[in-house]
Amino acid sequence: MSESLPAAAHAGRQEAARHERGHTHAPLKVGHLRAAQRPVVREALRLGCNQITDAGCATLASALRGGALPALKTLDLHDNPASHEAQNAVHAARSGLSA
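Residues numbered from 1 in each chain as written. Predicted model: local features only at pLDDT ≥ 70, side-chain atom pairs only at ≥ 80, totals over all residues. Heavy atoms only, no water.

(A) Just the nonpolar core, in detail. Counting residues in each nonpolar core, the largest one holds 13 residues, and the members touching the most others are Cys-57, Leu-60, Leu-64, Leu-75, Leu-77 and Val-90. For this core, the secondary structure elements donating two or more residues are α3 (54-65) and α4 (84-92). If you tally residues by element for this core, the top one is α3, at four residues. Residue contacts for Leu-77: discarding those within four places in its chain leaves Leu-47, Gly-48, Ile-52, Cys-57, Leu-60, Gln-87, Val-90 and His-91. (Core = buried A, V, L, I, M, F, W, Y, C linked by side-chain atoms within 4.5 Å. Buried < 20%, exposed > 50% of the residue type's maximum accessible area, 1.4 Å probe, protein only. Helix = DSSP H or I, 4+ residues; strand = E, 2+ residues; numbered from the N terminus. Contact = heavy atoms within 4.5 Å.)

Right, here's the structure in full:
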């Protein structure tokens with residue numbers, strides 16, 4: 001059974017990082033490099049119950065306005081200490097984003 005794309009990309013990034021730090025003597029496999037270079041398409045991001053504050057929401061809103069996660073359609077911020085205004089600002093940063 002093959003690894004999912006995000007798992008393979010994560011494994012590839014980890015293996016490449018170990019090589020950069022000199023923590024492994026095993027040969028770096030081409031598959032690891034390819035997996036590390038594949039973009040991860042994230043359509044839903046569930047960040048509920050993560051202690052995200054107003055400052056965190058402001059940073060997230062700024063990143064979304066800057067084009068981060070272009071395929072994102074759903075963002076869940078429930079049960080975080082951020083104010084409703086801050087959470088609404090995150091959703092307003094990207095048109096069409098649902099909660």
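(B) Molecular detail of α4. For α4, every residue scored as buried is listed here: Ala-86, Gln-87, Val-90 and His-91. In an axial view of α4, the angular spread of the buried residues amounts to 140°, which keeps them on one side of the axis. Exposed and oriented more than 90 degrees from the buried face of α4 are His-84, Glu-85, Asn-88 and Ala-92. The inward-facing, buried residues of α4 contact α3 and β2 (74-76). (Arc of directions from axis to C-beta.)

(C) Quick peek at α3. Spanning 12 residues, α3 covers 16 Å between terminal C-alpha atoms, matching the ideal 16 Å at 1.5 Å per step. Within α3, the full set of buried residues consists of Cys-57, Leu-60, Ala-61 and Leu-64. Summarising the axial view, the buried residues of α3 lie within an arc of 100°, below the 170-degree limit, and thus occupy one face. Exposed residues lying more than 90 degrees from the buried face of α3 are Ala-55 and Thr-59. Next to the buried residues of α3 lie β2 and α4. Following α3 by one or two positions, Gly-67 adopts a phi angle in the positive range, close to 105°. (Expected span 1.5 Å × (residues − 1).)

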